[in-house]
Amino acid sequence: MRQAVMTKPGKIEFGEVPEPGQVNKHEIKLKIRKIGVCGSDIHVYHGKHPFTSYPVIQGHEYSGEVVEVGELVKKVKPGDKATARPQQVCGKCPPCLRGDYNICNNLKVEGFQAPGTAQDYFILPEDRIIRLPDALSYEQGAMIEPAAVGAHATSRSGDLKGKNVMVFGAGPIGNLVAQFAQARGAGKVLITDISDFRLNKAKECGIRYTANIANEDVGKAAKKVFANEGFDVVFECAGVEITLDLAIQHVNKGGKVVVVAVYGDRPEVDMAVVGDRELSLIGTLMYKHEDYEESVALIQSGLIKTEPLFTGHFRFEKYLDAYKYIDEQGDRSLKVIIDL
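Since the structure is predicted, the reported quantities are computational estimates derived from the model, not experimental observations.

Enquirer: Please explain the packing of aromatic side chains as it appears in this structure.
Expert: Two numbers describe a pair of aromatic rings. These are the distance of the centres and the angle of the planes. Evaluated as defined, the whole model comprises eight aromatic pairs. Their ring planes at 80° and their centres at 5.8 Å tell us that Phe14 and Phe316 sit as a pair that is edge-to-face. One end of the pair, Phe14, is in strand β2 (residues 11-16); the other, Phe316, is in the loop between β16 (310-315) and α11 (319-329), with 302 residues separating them in the sequence. Geometrically, the ring pair formed by Phe226 and Phe231 is tilted, given 5.7 Å between the ring centres and 45° between the ring planes. Its relative accessible area of 2% is what places Phe226 among the buried residues. We classify Phe231 as buried; its relative accessible area is 1%. Positioned above the aromatic ring of Tyr121, the side-chain terminus of Lys29 is 5.8 Å from the ring centre.

Spelled out as C-alpha cells, the structure:
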C-alpha cells in the first residue's frame, strides 16, 4: 500500500509498504478515503510544532470505509463509513482514571507522536471508532475531528446560554468554535480575523457578526456588536501573541479566556490584567468521544455547516503540494482535503 512520511520539515517521501495484517477481535481496518490538513499539520511542516519529532506519518483528520472487523466488534460493519479519534491513551494515569483521557499523561496523537493515517489502510481499536451516517460524505467525515475540537472547547467555557462571545481567528477551528457557541445558545457571537475571505466564509456558515481587526479597532468592533454589555467569553483560535493579548485586555471583568490555538512561538501573557480583572484563563485540548458523537449529530442536522470550509483537494501523491498551496494561498485557504 502507499504511505507518505514527513522525514523532516518541508519534505514528504512516498513509499510502498505492506498492508496492515489481520485485525484482532476488537479492531477495525479502514480503507482511508479522505484526510484533512489542519493548522497543526502546518506547524509540523514548518518544524514549529512543539510536540512532534521526525520522521512522522501525518493524518489525524480522516474518514474511511470499514473493510474488516474483529469478531467482537459491534459498532461498525464492513461497508460502513467511519472516522475515529486519533488519541492513544494509557488508561492508567490520574487524568485517564478520572475520565480526562484527552489529557492523558502518556498521550500520543496519531499524526504527531504516533503514526497517522497517510496510507491506504489503517487499523484501530473499536473504542475510538465513530460510525458515520450514510447521509454524510467522506469529506464531512474528515471534518468531524476539527468539529469535535469546537465542541470540546465550547464545553470548557461553561454554560454559554445568553452570553456574549468573541472568537479570535476565523480559520476552520475558529469558525467551528463560533458555530458551536451559537448552537449552545450564546447571545451574540462576534468572530474576528484579518482576512475578509475567511470572514465571508464565516457568514456563509451562519455566523452573523464579523470584524476585520486589520481595519477596525477591536474595542470599537465589540462596542458595535455588544454595546455596553461587552462580552463574557472569548476563544483565542488564532495562535499569535497579539490576539491572546487582545482577548485578555477586552473581555469583561470576571470573564473567561479559552485558549484553543497551538502556538508556534511562546507568547507573553499579561498576568497583571488576568489577576486584576479576575479573569479565568482556560486551556482546552482536543476532545472526548462524546464531542465526536455530538459533532456527527450536529453536522448531520445542518446546525453545524462544513461545506463552505472546503477550499482545495489534492491527490495523495500531491500531498506536499497541498502544504505549498496552503502557504501560497494564505488567508484564502481553509480546509484542504487529501483524496486517497
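Enquirer: Before we go on, may I ask you to explain the pairing of β2 in this structure?
Expert: As a general feature of sheets, a regular strand has side chains that alternate between the two faces. Both strand β1 (residues 2-8) and β2 contribute to a ladder of six bridges, which runs antiparallel. Within the sheet, the bridge partner assigned to Gln3 lies in β2 and is Gly15.

Enquirer: I would appreciate a short explanation of the sheet that holds strand β10 (residues 165-168) in the present structure.
Expert: In any sheet, the strands associate via hydrogen bonds between backbone groups, in a parallel or an antiparallel arrangement. In spatial order, the strands read β12-β11-β10-β13-β14-β15; together these six strands make up an open sheet with parallel pairing. Only two strands of the sheet have a single neighbouring strand rather than two, namely β12 (209-212) and β15 (280-283). Strand after strand, the sheet turns through a mean of 20° between neighbouring axes, direction not considered. Bridging between strand β14 (residues 256-259) and β15 involves four bridges; their strand directions are parallel. Residue pairing for β15: Val257 is matched across the bridge by Leu281. Sitting on the sheet, helix α8 (residues 241-250) touches β10, β13 (233-236) and β14, and the angle it makes with β14 is about 160°.

The rules behind each value
- Residues numbered from 1 in each chain as written.
- Predicted model: local features only at pLDDT ≥ 70, side-chain atom pairs only at ≥ 80, totals over all residues.
- Heavy atoms only, no water.
- Phe/Tyr/Trp six-rings, centres within 6.5 Å; stacked < 30°, edge-to-face > 60°.
- Helix = DSSP H or I, 4+ residues; strand = E, 2+ residues; numbered from the N terminus.
- Buried < 20%, exposed > 50% of the residue type's maximum accessible area, 1.4 Å probe, protein only.
- Lys NZ or Arg CZ within 6 Å of the ring centre and 35° of its normal.
- Pairing = 2+ DSSP bridges.
- Axes fitted to C-alpha atoms, helices over the stretch in contact; angles between N-to-C directions.
- Contact = heavy atoms within 4.5 Å.

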